[in-house]
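Survey of secondary and tertiary structure
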2 protein chains.
Amino acid sequence: MNNIIVAQSGGPTTAINASLVGVIKGALSSGGYDKVFGSLYGISGVLNEEFIELEGLSDKELDCIYTTPSSYLGSCRYKMPSIEEDSSIYEKIFEILQRNEVTAFFYIGGNDSMDTISKLAEYGSSIGSDIRFAGVPKTIDNDLVSTDHTPGFGSAAKFIVASMLEFAHDTSVYQTPTVTLIEIMGRNAGWLTASAALARNEYSEIPQLIYLPEVPFSQDAFLDDIREVMKTTNNVVVAISEGLQDENGEYLSATTATEDKFGHSQLSGVGKLLENLVKEELGVKCRSVEINILQRCAAHMASATDLEESELLGEKAVEYAIQGKTGYMTTIVRTSNEPYEYEIETADLDGIANQVKQVPREWINSAGNDVTSEMIDYVKPLVYGEVDIEYKDGVPVYADISHLTGAACHA
Amino acid sequence: MNNIIVAQSGGPTTAINASLVGVIKGALSSGGYDKVFGSLYGISGVLNEEFIELEGLSDKELDCIYTTPSSYLGSCRYKMPSIEEDSSIYEKIFEILQRNEVTAFFYIGGNDSMDTISKLAEYGSSIGSDIRFAGVPKTIDNDLVSTDHTPGFGSAAKFIVASMLEFAHDTSVYQTPTVTLIEIMGRNAGWLTASAALARNEYSEIPQLIYLPEVPFSQDAFLDDIREVMKTTNNVVVAISEGLQDENGEYLSATTATEDKFGHSQLSGVGKLLENLVKEELGVKCRSVEINILQRCAAHMASATDLEESELLGEKAVEYAIQGKTGYMTTIVRTSNEPYEYEIETADLDGIANQVKQVPREWINSAGNDVTSEMIDYVKPLVYGEVDIEYKDGVPVYADISHLTGAACHA
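Keep in mind it's a predicted model, so treat the numbers as computed, not measured.

**Some remarks on the packing of helix α4 (residues 87–99) of chain A against helix α5 (residues 111–126) of chain A**
All names here are of chain A.
- Their axes nearest at 11 Å, the elements α4 and α5 cross at an angle of 80°. When the interaxial angle is binned, α4 and α5 end up roughly perpendicular. Residue-level contacts link Y90, E91, I93 and F94 of α4 to K119, L120, Y123 and G124 of α5.
- Looking at the contact of α4 with α5 residue by residue, the classes come out as five nonpolar, one polar and two charged.

**A few points about the confidence of the model for chain A**
All names here are of chain A.
- Confidence in the prediction of chain A, expressed as mean pLDDT, is 94, and 95% of residues score 70 or more.
- In the model, residues 407–411 has pLDDT below 50 throughout and makes 10 contacts with residues more than four positions away in sequence or in other chains.
- Among the prediction metrics, the complex's ipTM stands at 0.96, with pTM recorded as 0.96.

**What about α4(A)?**
Residues and elements named next belong to chain A.
- Helix length check: α4, at 13 residues, gives a terminal C-alpha distance of 18 Å against a target of 18 Å (1.5 Å per residue), a fit within 8%.
- Within the span of α4, buried status applies to I89, Y90, I93, F94, I96 and L97. In an axial view of α4, the angular spread of the buried residues amounts to 160°, which keeps them on one side of the axis.
- Contacts from the buried residues of α4 go to β1 (3–8), α2 (42–47), β3 (51–53), β4 (102–109), α5 and β5 (132–137).
- Positive phi appears at E101, one or two residues downstream of α4, with a value of about 50°.

**Here we look at the state of the cysteines**
- In the structure shown here, the tally under the stated rule is zero disulfides over all chains.
- Left unpaired, C297(A) is separated from the closest cysteine sulfur, that of C64(A), by 16 Å.

**Observations concerning the packing of aromatic side chains**
Residues and elements named next belong to chain B.
- What the rule picks out here adds up to 28 aromatic pairs over all chains.
- With 5.4 Å between their ring centres and 70° between their planes, Y211 and F222 make a pair best called edge-to-face. Here Y211 is found in strand β7 (residues 209–211), whereas its partner F222 is found in helix α8 (residues 219–230), with 11 residues between them in sequence. By the burial criterion, Y211 is buried, and F222 matches it.

**Re the relation of the copies chain B and chain A**
- Screw-axis analysis of chain B against chain A gives a translation of 0.0 Å along the axis, an RMSD of 0.0 Å, and a rotation angle of 180°. Such values leave the two copies arranged in the relation of a two-fold axis.
- A high fraction, 100%, of the interface residues of chain B reappear at the interface in chain A, so the copies pair face to face through one surface.

**Some words on the environment of C64(B)**
- Here C64(B) is to be found in helix α3 (residues 59–66).
- Considering only alpha carbons, one finds C64(B) and E390(B), 326 residues apart in sequence, at a separation of 8.4 Å.

**Quick word on the nonpolar core**
- F106(A), M164(A), L54(B), F106(B) and M164(B) are the most contacted members of the largest nonpolar core, which has 187 residues in total.
- Contacts of L54(B), omitting those with residues within four sequence positions, involve V6(B), L20(B), I24(B), V36(B), F37(B), G38(B), Y72(B) and L73(B).

**Observations concerning the environment of S39(A)**
All names here are of chain A.
- Among the structural elements, S39 can be located in strand β2 (residues 36–39).
- Note on S39: relative accessible area 0%, which makes it buried.
- On a C-alpha basis, the gap between S39 and I344 in space is 25 Å, while along the polypeptide they are 305 residues apart.
- Apart from the residues within four sequence positions on either side, S39 is in contact with I5, V6, A7, G45, V46, E50, F51 and L73.

**Digging into the interface of chain B and chain A**
- Between chain B and chain A, the contact holds 92 residues from the first and 92 residues from the second.
- Buried surface at the junction of chain B and chain A, both sides included, amounts to about 7700 Å², of which 59% is carbon and sulfur.
- Where chain B touches chain A, the interface holds four salt bridges.
- A salt bridge links K380(B) to D393(A); its shortest N-O distance comes to 3.7 Å.
- Put simply, chain B and chain A have 23 residue pairs in polar contact (both at pLDDT 80 or more) between them.
- Elements with a minimum of two residues in the side of chain B that touches chain A: α6 (153–170), β9 (258–259), β10 (265–266), α9 (270–282), β11 (285–290), α10 (294–297), β15 (395–396) and α13 (402–409) of chain B.
- Element by element, the count of residues in the side of chain B that touches chain A is highest for α6(B), at 11 residues.

**Some points on the side chain of Q208(B)**
Residue and element names in this part refer to chain B.
- Summarising the element assignment, Q208 is placed in the loop between α7 (191–195) and β7.
- By relative accessible area, Q208 is classed as buried at 11%.
- A distance of 2.8 Å separates the side chain of Q208 from the backbone nitrogen of V237, its partner in a polar contact.
- With residues near it in sequence (within four places) discarded, Q208 still touches R200, V229, T233, N235, V236, V237 and D370.

**Quick look at the pairing of strand β8 (residues 235–241) of chain B**
Residue and element names in this part refer to chain B.
- With seven of seven residues buried, β8 lies mostly within the body of the structure.
- Residues N235, V237, A239 and S241 of β8 are buried on one face, and the alternating residues V236, V238 and I240, pointing to the opposite face, are buried as well.
- In this structure, strand β6 (residues 178–184) lies alongside β8, joined through seven bridges in parallel fashion. Bridge assignment links V179 to a residue of β8, and that residue is V236.
- Judged from the three bridges that link them, β7 and β8 form a sheet pairing that is parallel.

Definitions and cut-offs
- Residues numbered from 1 in each chain as written.
- Chains lettered and ligands numbered in written order.
- Predicted model: local features only at pLDDT ≥ 70, side-chain atom pairs only at ≥ 80, totals over all residues.
- Heavy atoms only, no water.
- Axes fitted to C-alpha atoms, helices over the stretch in contact; angles between N-to-C directions.
- Helix = DSSP H or I, 4+ residues; strand = E, 2+ residues; numbered from the N terminus.
- Parallel < 35°, antiparallel > 145°, perpendicular 65-115°, else oblique.
- Contact = heavy atoms within 4.5 Å.
- Nonpolar A, V, L, I, M, F, W, Y, C, P; charged D, E, K, R; others polar.
- pLDDT = per-residue confidence, 0-100.
- Expected span 1.5 Å × (residues − 1).
- Buried < 20%, exposed > 50% of the residue type's maximum accessible area, 1.4 Å probe, protein only.
- Arc of directions from axis to C-beta.
- Disulfide = S-S within 2.5 Å.
- Phe/Tyr/Trp six-rings, centres within 6.5 Å; stacked < 30°, edge-to-face > 60°.
- Least-squares fit on C-alpha atoms with pLDDT ≥ 70 in both.
- Core = buried A, V, L, I, M, F, W, Y, C linked by side-chain atoms within 4.5 Å.
- Buried area = accessible area lost by both parts, 1.4 Å probe.
- Salt bridge = Lys/Arg side-chain N within 4 Å of Asp/Glu carboxyl O.
- Polar contact = N/O pair within 3.5 Å; in protein donor to acceptor, adjacent residues only side chain to side chain.
- Pairing = 2+ DSSP bridges.

See the structure below:
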């Protein structure tokens with residue numbers, strides 16, 4: 001027998017299941033493997049031997065999984081100890097892999113997941129194992145190094161852009177001066193917030209202002225910027241990153257603990273914080289809107305480009321394993337912006353984990369309140385294309401995840 | 001000349017422009033009218049004579065307006081004084097209508113808008129004017145009396161249901177016990193929150209709990225309900241209305257003023273409030289998500305049924321005016337649930353304004369933490385059907401609103 005394991009880890013995205021489908025299809029079409037084990041809840045599922053077999057899924061089921069949001073196999077936030085700290089975990093995992101005749105392990109995830117798979121590859125080499133270990137990138141935050149961009153980012157950006165345009169319509173209807181603050185995910189990198197610029201068109205300049213974590217945030221400059229925009233319009237919409245930091249590198253959202261009427265301590269996001277600032281200092285109506293988890297799970301607005309790339313990254317990961325490679329992550333190398341073209345290559349896992357790729361300072365304007373055309377050219381092709389979702393009785397049809405939620409369903 | 005005026009008022013929805021298209025098409029196809037004036041910013045646009053002419057719009061432009069979110073003509077929150085209070089406003093409006101040879105006035109909006117058009121009809125009768133006044137209903141809250149449901153509600157419900165299902169996937173991935181609270185609009189009526197029940201399917205019971213403003217909210221019962229659900233699942237998702245009220249009829253969100261790190265007073269929503277309650281009292285991870293204005297402007301997820309009905313309500317409003325009627329609102333009378341069938345009729349404006357239609361108590365379970373099958377049967381057909389939106393470079397194409405935002409665009 002010659003089996004593989006695939007698992008998913010880290011925060012959900014709308015593209016991580018397309019990569020899963022890529023791995024499954026890659027394994028089946030290669031003819032080189034027998035069973036495709038899906039490990040439930042990431043690496044925890046390996047330790048607990050919670051596997052489901054995926055090689056029997058029909059094309060129709062795979063198509064449905066392809067467009068299903070979040071992790072079909074579940075996820076975990078398990079931090080692997082270093083080999084020096086606790087080699088027994090590694091011994092246990094390799095014993096399980098060998099007993100299940102697994103010859104290749106594919107881990108789809110972000111930064112922490114690449115750390116896990118990198119350590120497994122390293123341990124494998126140290127004991128002379130010939131099991132292959134490969135990472136497939138994933139994160140809406142787009143902050144992984146060594147790849148032009150990450151699966152999940154394009155779809156999240158597309159949802160943010162569509163929402164921002166819809167906000168532009170929504171906020172345009174009254175003549176009263178109003179400021180609307182849209183809080184967007186990305187704690188350490190402003191890629192998603194920057195993408196909001198794509199919502200601008202021939203009749204709308206919204207968002208007029210964009211603030212990223214890459215530039216220290218000044219309250220005074222922020223208020224001045226809004227005052228300036230209000231000279232020419234009553235309707236100001238601002239894209240702000242959840243990860244905004246002050247001049248001392250402290251998160252704006254970090255120390256806003258307050259007490260509510262039950263006497264409970266309450267942490268508020270940066271949007272609420274700046275909403276209050278605008279109300280008090282400028283005396284205008286202000287509303288903050290947190291797009292929140294919708295941006296990472298709104299599969300009904302996924303980018304076709306993103307899902308295609310995500311699948312290909314999974315498929316190619318299998319191809320490289322068959323060629324004998326181990327310890328790599330598949331990557332996207334962009335070769336042209338217009339027409340948009342790219343190739344799938346690999347990078348050593350060594351140099352990827354525990355690094356953060358931020359928006360280059362030169363893609364942000366000098367005032368730090370908008371992005372440049374380079375940023376727009378970069379993100380534009382990544383939102384191309386719509387994905388056909390099946391609907392039943394007006395509700396999207398996604399893949400059955402009762403292997404994750406069985407307890408709830410049969411209660 | 002024989003002209004009409006159409007205007008939009010109240011909060012934005014994704015269906016109010018379909019009603020506008022209905023009025024325009026109804027007027028043009030009747031052959032009975034010359035010009036179709038669109039009044040900008042509701043009744044304020046009449047007072048300021050801010051009109052745009054709509055009779056020249058092409059079919060392609062009308063199709064685009066049909067699927068465009070928010071009010072194409074802008075909106076206002078103008079409260080008409082009573083005729084006794086200030087008849088000069090009425091004299092001014094009628095002078096403007098007569099000078100512009102307007103013989104019919106159509107006002108698309110919610111409760112307050114029906115109050116405005118009702119007063120105008122009443123004044124018209126009192127002075128023997130033969131100008132017709134008609135209301136076309138609109139509100140995502142679905143709280144207007146005299147109509148089975150309101151335009152905008154079905155689309156908002158559809159977005160909420162799709163999002164809730166996507167949340168069900170998103171929240172299923174970890175094994176850690178988690179409570180997610182989804183805050184949904186509807187300050188005085190729980191229709192939208194109740195709709196979340198449609199997200200349940202063969203593999204998901206989410207949302208397991210639903211709380212509406214129609215039932216007094218008890219913190220203790222709420223915590224007990226969550227404890228009970230957690231006996232069978234780690235993943236609890238709860239739909240809560242923004243309008244939840246305690247036993248004394250006080251809004252839970254009303255008195256949560258707190259102070260942030262800038263020393264600013266801060267009002268928090270009911271979601272944040274209950275998030276803190278769950279964290280402190282149950283000691284589990286809890287996140288609150290406010291769907292916020294997306295539920296009223298996410299036109300990319302509009303209900304085809306909703307838009308069709310909205311258009312028809314506008315078209316029929318014109319037909320009834322031509323027949324000589326005045327002082328009415330067009331209404332939806334449901335004749336069958338399955339297959340879903342309805343007729344468009346009218347109701348006197350008199351009995352509509354300043355009333356609120358709530359979810360019947362018998363459509364809520366006795367514990368007050370879920371809805372019954374009657375509620376589900378009621379809302380189910382209203383989310384049927386998807387709307388084709390045009391996309392350009394991956395971004396939805398909506399109607400140009402530079403007549404509203406011109407200042408901003410040309411700055």
